[in-house]
Amino acid sequence: MKNLFLIFSFFAFIFVSNINAQIYDPVKWSSSSKQISDDEFELTWTAKIESGWYIYSQYIGPDDGPSATVVAFDNPKAIKLIGKNIEGGHLKKKFDEIWGVEISKFSELATFKQKIKVLDDTKPIKGYVNFQTCDNSKCLPPTDYEFSFNLKNKKSTGIVGPNTTKDEKVAGTDSKSGDPAELAIKTPETQVENSGILQPVNWTASISKDGSGNPVIKLIASIDKGWHIYSLNNKEDGPIPMSFMLDKDTKGEIDKNIIENAKDKTKAFDKFFNVNVTTIDNSAEYILTLKNTEEGKMIFGTADYMSCNEKTCVPLNAYFRISADRNTIEIMNSEFSDEDKKPVVSGADAGIFPINNIQLDKPLSNCTTSAESEVAKSSLLNIILLGFIGGLIALLTPCVFPMIPLTVSFFTKGSKDKKKGLTNAFLYGFFIFAIYLLLSLPFHLLDSINPNILNDISTNVWLNVAFFIIFMFFAFSFFGYYDISLPSSFSNKVASAEGIGGFLGIFFMALTLALVSFSCTGPILGSLLAGALSSDGGAWQLTAGMGGFGLALALPFALFAAFPGWMNSMPKSGGWLTTVKVVLGFLELALAFKFLSNADLVKHWGLLKIEPFLIIWILVALGMAAYLFGLIRFPHDTKLKKLSPVRGGLAVVSLIFAIYLMSGFRYNEDTKTFTSLSLLSGLAPPVGYSFIHPKDCPQNLNCFHDLDEGLAYAKARNMPVFLDFTGYACVNCRKMEEHVWVKEDVYAILSKEYVVISLYVDDKTELPENEQVTLTFKTGGQKKIRTKGDKWAFFQTDNFNNNSQPWYALLTNTGTLLNTPVGYTPEVKDYVNFLQCGLDAYKAAEGKELIGKVEK
């Protein structure tokens, strides 16, 4: 996530999460269909999402960051879409911590409904749902959920009427079979509807596992009003009772103890079938346990039943398919095609990867490295310290500094005894501290209602633009062109309450100071608000910062009351206080453009790339130096008669900083781009985000984006491989490339000792048709490979048991693992150790191979 910063450009904190080597699979999908007219159907896709994870709406903007959910059909000419895809479930527009924008996303449950007209029903309607999953700290690469519907337009069919008796069957048919083609019973009393297929029951399904690991499926039948189905406890000499079976080609069995749950269950004598029957209206739930199934194989099964209303009965079937990994189940009213039942191949058998079956537990070297050390997040102590520094600077402004001797004298000389005056002064300081703490309480209320709203304040794109405008306004206020203050009527009412006396009177004195000093402290508090809030610390970070700020303001009043002699060493108020305000104005001006840069990076406007950003900051630094040297003046300034050592020193520092910023335009011969400035890490845009030197490969390394090409190059030069699983939208990947790879020790190893292969798991480039295959993971489950990103994401997950980025693996050019792969590793020393560890392992292996050849 992006960071915003406190008052000055010298403070930057990066919040990151350690990447764990594990497979994430937080979303389970199912699909169903419902016929609504002769040739029109409503298709439904349902996603059950683990708590803390999200998927995104279909209708987010292309520049918002994450991949929108997309429902795509493989044979679009066979159908015609009717209207747009309707979304349902737990959909809210909220702030996304990863992408830094307010965006529509689903939590826990998502449904997508699309009405279609079937133009060609001779083949199944197939396709996929492409979606991206994120939690509050990481995103998984976009992946697909495959679906297939066997949809048949209406055709004539015989329907059994409730007035038909058991003996009035047409020769050669069997009423127990459940096949509509075999049930064509005609009697004078029967009302036969030949207009088409009736489908009064629709199904949904979910899957779990019992304590023994057996699949447990829950099938829910939703029954149209006026219709009913027959309980599985009915005898078979009447209407067709509910029953379940596995396909003959599916190994396994259904446990006999099937659970049937239904609220609207009625038991009565049926005069048409001449038997006692149990009917179910509205809905029914069935829970089935499957035993002795074959691992790694899909399971196919059928529900056989009958549904009737007052005039008509319809024998029906529902068909379910369980994935090979037992994580997903589909149920529909039409059979799965033979193609749907075909087994899929593994990544190794598909022949599309040059290397497979990487042995993670057997790297060539067991050399240890702390490369995956977790980066500690900014603690509350750091926030308190920053707030304290902000408070100390606020003390030096003309709104606060002159109040110190006046207030201390009031308490020490206006009290009856010294002890009483000292107590009141300490109480006054405590109330100042408490008031700034109280200012953070509303944010705790907001945090409890919606934890994301606080992070929204600090990192939302449009709020960053608003902060840019506000800080520009603050800056020109500090320059003296106008004053920012609260309404005088409000301040006067508070001041009048000081006469109450006692604790309450002292409290209102402290509150008056906070209000009348707002024109100086407001901009600093605004910076504190923008920088301290984050979803990680929530409102407590703001409370810590406010506490530090209030403590710095309160301490002088208490300390000078306890030690009044110290006031003699205080500098007198004068023009230097105005100078402090103007210097703060320049810093606010620079910080304003940081906020605009945040928005520009997220929205890809291309306004504040590295060149204009550095130029603006250089001008700000030179402007501050010119002001401190007395070359320019602002409205409240008088002509500078003598340059004090402190003012002169600050002017020199400003010049030095401007020169430092200019050094950012130095051309780096190694990286073929501008030089990164460490003091601006997290403040300035990445150097690759450039008008003049935009780069495809990070740091201008000689990299490959195809595994076959990279391995061929490595074999030709007898070099090891640096495998980089990355993504165009991966934030931590960019951090590594900009701030770690650029370091001399790292860059030297990457550029000279390894062949870098960067595989983008979110690359949407379509693969050739002969490479678009469905593959099975070693751990079970399937993935349809359509794009380059699909291919590399499957390769990473299947071979490295990990699907988060960045992910770095060191290999020989024949695919042998050199050492343990690592994820996000911001510590340069750790990363160098990781690279050197793999290089040493490669050289040792090469030496052994050479010795073996000599001995032969």
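Residues numbered from 1 in each chain as written. Predicted model: local features only at pLDDT ≥ 70, side-chain atom pairs only at ≥ 80, totals over all residues. Heavy atoms only, no water.

Across its full length, the protein chain holds 19 helices and 30 strands. For the protein chain, buried positions account for 54% of its 856 residues. The contacts in the protein chain between residues at least 6 apart in sequence include a share of 72% that link residues at least 24 apart. Put simply, the protein chain shows about 39200 Å² of open surface, and 56% of that area lies on carbon and sulfur atoms. (Helix = DSSP H or I, 4+ residues; strand = E, 2+ residues; numbered from the N terminus. Buried < 20%, exposed > 50% of the residue type's maximum accessible area, 1.4 Å probe, protein only. Contact = heavy atoms within 4.5 Å. Areas by Shrake-Rupley, 256 points an atom, 1.4 Å probe, with all protein chains shown as cover.)

As a further point, take the nonpolar core. Counting 37 residues, the largest nonpolar core has Phe-471, Phe-586, Phe-593, Trp-617, Leu-661 and Leu-680 as the members making the most contacts within it. Elements supplying a minimum of two residues to this core: helix H7 (461–478), helix H12 (575–603), helix H13 (610–628) and helix H14 (645–662). Phe-586 has contacts with Phe-479, Val-620, Gly-623, Met-624, Tyr-627, Ile-632 and Phe-634, leaving out every residue within four places of it along the chain. Counting 33 residues, the second-largest nonpolar core is a separate cluster that includes Tyr-24, Val-27, Ala-47 and Ile-55. (Core = buried A, V, L, I, M, F, W, Y, C linked by side-chain atoms within 4.5 Å.)

On to H14, then. In this model H14 runs 26 Å from its N-terminal to its C-terminal C-alpha over 18 residues, within 8% of the 26 Å that 1.5 Å per residue would give. Along H14, the positions that sit buried rather than exposed are Arg-647, Gly-648, Ala-651, Ser-654, Phe-657, Ala-658 and Leu-661. (Expected span 1.5 Å × (residues − 1).)

For the pair H13 and H14, interaxial distance at closest approach is 8 Å and the crossing angle is 160°. With respect to each other, H13 and H14 are oriented roughly antiparallel. The two elements H13 and H14 cross, and the hand of that crossing is left-handed. Where H13 abuts H14, its residues Leu-614, Trp-617, Ile-618, Ala-621, Leu-622, Met-624, Ala-625, Tyr-627 and Leu-628 lie against Arg-647, Leu-650, Ala-651, Ser-654, Leu-655, Phe-657, Ala-658, Leu-661 and Met-662. Split into classes, the residues belonging to the contact of H13 with H14 amount to 16 nonpolar, one polar and one charged. (Axes fitted to C-alpha atoms, helices over the stretch in contact; angles between N-to-C directions. Parallel < 35°, antiparallel > 145°, perpendicular 65-115°, else oblique. Left-handed = near helix turned anticlockwise from the far one by under 90°. Nonpolar A, V, L, I, M, F, W, Y, C, P; charged D, E, K, R; others polar.)

The subject of this paragraph is the sheet that holds strand E30 (residues 807–811). Read across the open sheet, the four strands follow the order E25-E27-E26-E30; overall the sheet is mixed. Since the sheet does not close on itself, it has two edges, and those belong to strand E25 (703–704) and E30, each with one partner. For E25 and strand E27 (residues 755–760), the ladder comprises two bridges, and the chain directions are parallel. Bridge assignment links Phe-704 to a residue of E27, and that residue is Ile-757. (Pairing = 2+ DSSP bridges.)

Turning next to the state of the cysteines. Disulfide: a covalent bond connecting the sulfur atoms of a pair of cysteines. Per the counting criterion, the structure on display carries two disulfides. Disulfide partner of Cys-308: Cys-313, at an S-S distance of 2.0 Å. Taking the sign of the S-S torsion, 115° for the link of Cys-308 and Cys-313, the bridge is right-handed. Judged by its relative accessible area of 1%, Cys-308 falls in the buried class. (Disulfide = S-S within 2.5 Å.)

The mixed open sheet is built from three strands, whose spatial order is E22-E28-E29. Among the strands making up the open sheet, the edge pair consists of strand E22 (345–346) and strand E29 (782–784). Bridging between E22 and strand E28 (residues 774–776) involves two bridges; their strand directions are parallel. Opposite Ser-346, over in E28, you have Thr-776 as the bridge partner.

In the predicted model, the protein chain carries a mean pLDDT of 77, and 76% of its residues have values of at least 70. Mean pLDDT across the elements of the protein chain bottoms out in helix H6 (residues 452–459) (43) and peaks in strand E18 (residues 283–291) (96). For residues 156–195, every residue scores under 50 in pLDDT, and the model assigns this stretch 67 contacts once sequence neighbours within four places are set aside. Every residue in residues 533–537 is under pLDDT 50, and counting partners more than four places away or in other chains gives 18 contacts. (pLDDT = per-residue confidence, 0-100.)

Another aspect to go through is the pairing of strand E20 (residues 313–322). For E20, a buried count of ten out of ten residues is recorded, marking the element as mostly surrounded by other parts of the structure. Along E20, one buried face is formed by Cys-313, Pro-315, Asn-317, Tyr-319 and Arg-321 and the opposite face, lined by Val-314, Leu-316, Ala-318, Phe-320 and Ile-322, is buried too. In this sheet, E20 lies alongside strand E19 (residues 299–308) in antiparallel orientation, the contact comprising ten bridges. Among the inter-strand pairings, Asp-304 is bridged to a residue of E20, identified as Asn-317. Hairpin geometry of E19 and E20 is characterised by an intervening segment of four residues between the two adjacent antiparallel strands. In the sheet, E20 pairs with strand E21 (residues 329–332) via four bridges, with the strands oriented antiparallel. Paired with Arg-321 across the two strands is Glu-330, which belongs to E21. The turn joining E20 and E21, which pair antiparallel and follow one another in sequence, is formed by six residues; a positive phi near 65° is taken by Arg-326.

As a further point, take a nonpolar patch on the surface. Nonpolar side chains collect at one region of the surface, where Ile-615, Leu-619, Leu-622, Phe-629, Leu-631, Ile-632, Leu-643, Val-652, Leu-655, Ile-656, Ile-659 and Met-662 lie side by side and expose about 1100 Å² of accessible area between them. Residue assignment for the nonpolar patch shows that the elements contributing at least two residues are H13 and H14. Sorting elements by how many residues they give to the nonpolar patch places H14 first, with five residues. Looking at where Ile-656 falls in the secondary structure, it is placed in helix H14. For Ile-656, a relative accessible area of 53% gives the class exposed. (Patch = residues over 30% accessible without salt bridge, like charges linked within 9 Å, V, L, I, M, F, W, Y side chains within 5 Å. Salt bridge = Lys/Arg side-chain N within 4 Å of Asp/Glu carboxyl O.)

A separate point is the packing of aromatic side chains. Under the criterion given, the structure shown has 39 aromatic pairs. One aromatic cluster is present, formed by Phe-476, Phe-479, Tyr-481, Phe-586, Tyr-627 and Phe-634 through successive ring pairs. Sitting over the face of the ring of Tyr-59, Lys-84 holds its NZ or CZ atom 4.9 Å from the ring centroid. Just above the ring of Tyr-627 sits the side chain of Arg-647; from NZ or CZ to the centre is 4.9 Å. (Phe/Tyr/Trp six-rings, centres within 6.5 Å; stacked < 30°, edge-to-face > 60°. Lys NZ or Arg CZ within 6 Å of the ring centre and 35° of its normal.)

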